Amino acid sequence: MKSIPHKRSREVEAWLKREITEQKARYRKIVAEQDALAPKRDKWVAEFLQRIQTRGTHVHFNMMRKVGPEEIPVRPKRKFRVVF
Amino acid sequence: MARPHIEPFVDRDVPFRKFTMPGFPKGMQYKMLSLDPDNGACTMTVMFEPGYRQPPGMSYSEYELFIMTGSVTVGDKVHGPGSYFMVPAGVTIGALAAPRGATGLLFYNYGEPSFVESDSDHPRAERNKFAAVNAYDDMQWTSTNFFPATAPGCLVKVLHFDERTQAFTFLYCMTPNFWQDNISYHDCAEEAYHIWGTSWMMQFGDLPTGGYFYRPPYINHGAFGCKLGTLAIGRTDSRLYNHFHFNPWTNIEENRERAANRIQHWMPDLYKWINTHGHNHPVDFEFDHGHAHGDMAHHHGDGRVEHSHKKQRRRKK
């Protein structure tokens, strides 16, 4: 039994409504901050794609394998989203 | 709609405010970390003001409480930092007090926060699933036992494991100079809060002390790094499997489709069975509740998941 059915009071409904509104604003702020991080992220991605060709990528625990240049994915034209 | 993707969010950036939810005593403050708009399930950082007192009572939702600083007493017993409680819906806990104050995390997993003063359990309570442990003093760090596993240097203490959903709650630490060079996503939602320390992810940058995320399924995260070490608490809503890869640009749809393709190859017989003859709402013989026809997304061979069933009437004997 994860939850027990019950009736919500008006006060609880109002509290939830307020929290949902605030969460929407919080979400928009996060998206804006993450969009602003894009130039740094592009640099981090470039470094990652370089490292997995030289040091390797983790496949399990301490097992790593080097990725060949032909395996490196091509960046798609769509927007690079990290928050969904 | 379930909880949205909240990542990253640092609760140190916002002040505590009074928790005014009906039913709860005065003297508790909170910071909302994430909230499910449909059922009100949420995760909050909470502060019990010095002198806080709560009578014996229960919640309509399962909840988990983790004490970060200070201490609370439940009944006669004092619970300091690292104390963890898993309280199933309807289970009554004794009087809770915080004579000198405390901070912690409260996870209401299936419904909005609720408190009903009571000396006895609700008739539907599952008392046997109640758990209380001090995760700092009474448990030791272990390597993760997932396969494939996270890189060496990420250690866990499993606080709670749900045998039906395989959801689990865990402390985890990253040792200084931990690094993992791959990208991961899971079939489950996961959330985590940094009790202490800063870690880095290629998508989101640094997550410092007080950093939090709620991440729905199939969202890329990693590569990972941690310079000085991190102590955190995490929780999933179902089984966690590490789908590793190294393509930074895949999206949720591509990741989900890849996961489904992998199920097709890993469990071909089961995959085929589920996809034929309307077998997509199977019953677990170990559980006599939680599965009435129509309570799970399914179809009748026509692929139409969006449909409803009338309530079945019991025949009079």
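Model, not experiment: these values are computed from the prediction. What you see as residue numbers is a count from 1 along each chain, following the sequence as written. Key to labels: chains lettered from A, ligands numbered from 1, both in the order written. Given that this is a predicted model, residues contribute local features only at a pLDDT of at least 70 and side-chain atom pairs are listed and counted only at 80 or more, while totals for whole chains, interfaces and linings are drawn from all residues. Remark: hydrogens and water are excluded; side-chain values derive from all non-hydrogen atoms of the structure.

A. Quick peek at the overall build of chain A. A tally of helices and strands in chain A yields 2 helices and 2 strands. Secondary structure is summarised from DSSP: a helix means a run of H or I of at least four residues, a strand means a run of E of at least two, and numbering begins at the N terminus for each. Helices (α) and strands (β) of chain A occur, in sequence order from the N terminus, as α-α-β-β. We compute the radius of gyration over the C-alpha atoms and compare it with the globule rule, which gives 2.2 Å times the number of residues raised to the power 0.38. A compact globule built from 84 residues would reach a C-alpha radius of gyration of about 12 Å, whereas chain A, at 22 Å, exceeds it by more than 25%. With the principal axes as the frame, chain A shows a C-alpha extent of 60 × 35 × 20 Å. For every residue, the accessible area obtained with a 1.4 Å probe (protein chains only) is divided by the maximum for its type, and the residue is called buried under 20%, exposed over 50%, and partly exposed between those limits. Per-residue burial over chain A gives 33% buried out of 84 residues. Note on definitions: a residue-residue contact is assigned when non-hydrogen atoms from the two residues lie within 4.5 Å. Sequence separation of 24 or more characterises 35% of the internal contacts of chain A that already satisfy a separation of 6 or more. Distance between charge centres in chain A, computed from 22 positive and 10 negative side chains, equals 2 Å. Positive: Lys, Arg. Negative: Asp, Glu. His and the chain ends are not part of the count. By convention, the charge on Lys lies at NZ, on Arg at CZ, on Asp at CG and on Glu at CD.

B. Summary view of the overall build of chain B. Scanning chain B from N- to C-terminus turns up 2 helices and 26 strands. In terms of C-alpha radius of gyration, chain B reaches 21 Å, essentially the compact-globule figure of 20 Å for 317 residues. Dimensions of chain B, computed from the C-alpha atoms along their principal axes, are close to 65 × 60 × 30 Å. Looking at chain B as a whole, 54% of its 317 residues qualify as buried. The protein chains shown are the only cover counted for residues, whose accessible areas, like all others here, come from Shrake-Rupley with a 1.4 Å probe. Per element, the accessible surface of chain B, about 15,700 Å² overall, is 53% carbon and sulfur. Here chain B holds 30 positive side-chain charges and 34 negative ones, and the gap between their average locations is 5 Å.

C. Just the sheet that holds strand 17 (residues 168-174) of chain B, in detail. Residue and element names in this part refer to chain B. Pairing between two strands requires that DSSP report at least two bridges joining them. One open sheet accounts for 7 strands, arranged 1-23-20-25-17-16-15; its pairing is antiparallel. Every interior strand has two partners, whereas the edge strands, strand 1 (6-10) and strand 15 (142-143), have only one. Note that strand 15 and strand 16 (residues 154-161) share 2 bridges and pair antiparallel. In the sheet register, S143 faces strand 16, and the bridge partner there is L155.

D. Region of the structure containing the sheet that holds strand 18 (residues 178-180) of chain B. Residue and element names in this part refer to chain B. A sheet is described by the order of its strands in space; here 4 strands give the open sequence 18-24-21-22, paired in antiparallel fashion. Only two strands of the sheet have a single partner each, and these edge strands are strand 18 and strand 22 (205-207). Neighbour-to-neighbour, the strand axes of the sheet open up by a mean angle of 20°, direction not taken into account. Of the pairings in the sheet, the one linking strand 21 (residues 199-201) to strand 24 (residues 224-226) comprises 2 bridges and is antiparallel in character. Bridged to W200 within strand 24 is G225. Angular values range over 0 to 180 degrees, each being the angle between N-to-C directions of two axes fitted as lines to C-alpha atoms, with helices fitted over their stretch in contact.

E. Summary view of the environment of B:M68. Residues and elements named next belong to chain B. Looking at the element boundaries, M68 is found in strand 7 (residues 63-70). For M68 and E306, which are 238 residues apart along the polypeptide, the C-alpha to C-alpha distance reads 43 Å. The contacts of M68, once residues within four sequence positions are left out, are T45, P81, T103, G104, L105, Y193 and I195.

F. Representation of the pattern of salt bridges. Residues and elements named next belong to chain A. What makes a salt bridge here is a side-chain nitrogen of Lys or Arg within 4 Å of a carboxyl oxygen of Asp or Glu, nothing more. Throughout the structure, instances matching the rule amount to 22 salt bridges over all chains. A salt bridge links D35 to K79; the shortest N-O distance between them is 3.5 Å. Of this pair, D35 sits in helix 1 (residues 10-36) while K79 sits in the segment after strand 2 (63-65); the two residues are 44 residues apart in sequence, bridging distant segments of the chain. We classify K79 as exposed; its relative accessible area is 57%. Where R75 meets D42, a salt bridge forms, and the shortest distance between an N and an O atom there is 3.1 Å. Taken together, the residues span a long stretch of sequence, with R75 in the segment after strand 2 and D42 in helix 2 (residues 38-54) at a distance of 33 residues.

G. Here's a closer look at the side chain of B:N182. Relative to the elements of secondary structure, B:N182 occurs in the loop between strand 18 and strand 19 (183-185). For B:N182, a relative accessible area of 0% gives the class buried. Pairing of N or O atoms within 3.5 Å defines a polar contact, subject to two protein rules: one partner must be a possible hydrogen donor and the other a possible acceptor, and residues neighboring in sequence count only if both atoms are side-chain atoms. Polar side-chain contacts of B:N182 include one of 2.9 Å to the backbone oxygen of A:H58. A polar contact is formed between the side chain of B:N182 and the side chain of B:Q180, at a distance of 2.9 Å. Residue contacts for B:N182: discarding those within four places in its chain leaves A:F48, A:T57, A:H58, B:H221, B:G222, B:A223, B:F224, B:F244 and B:H245.

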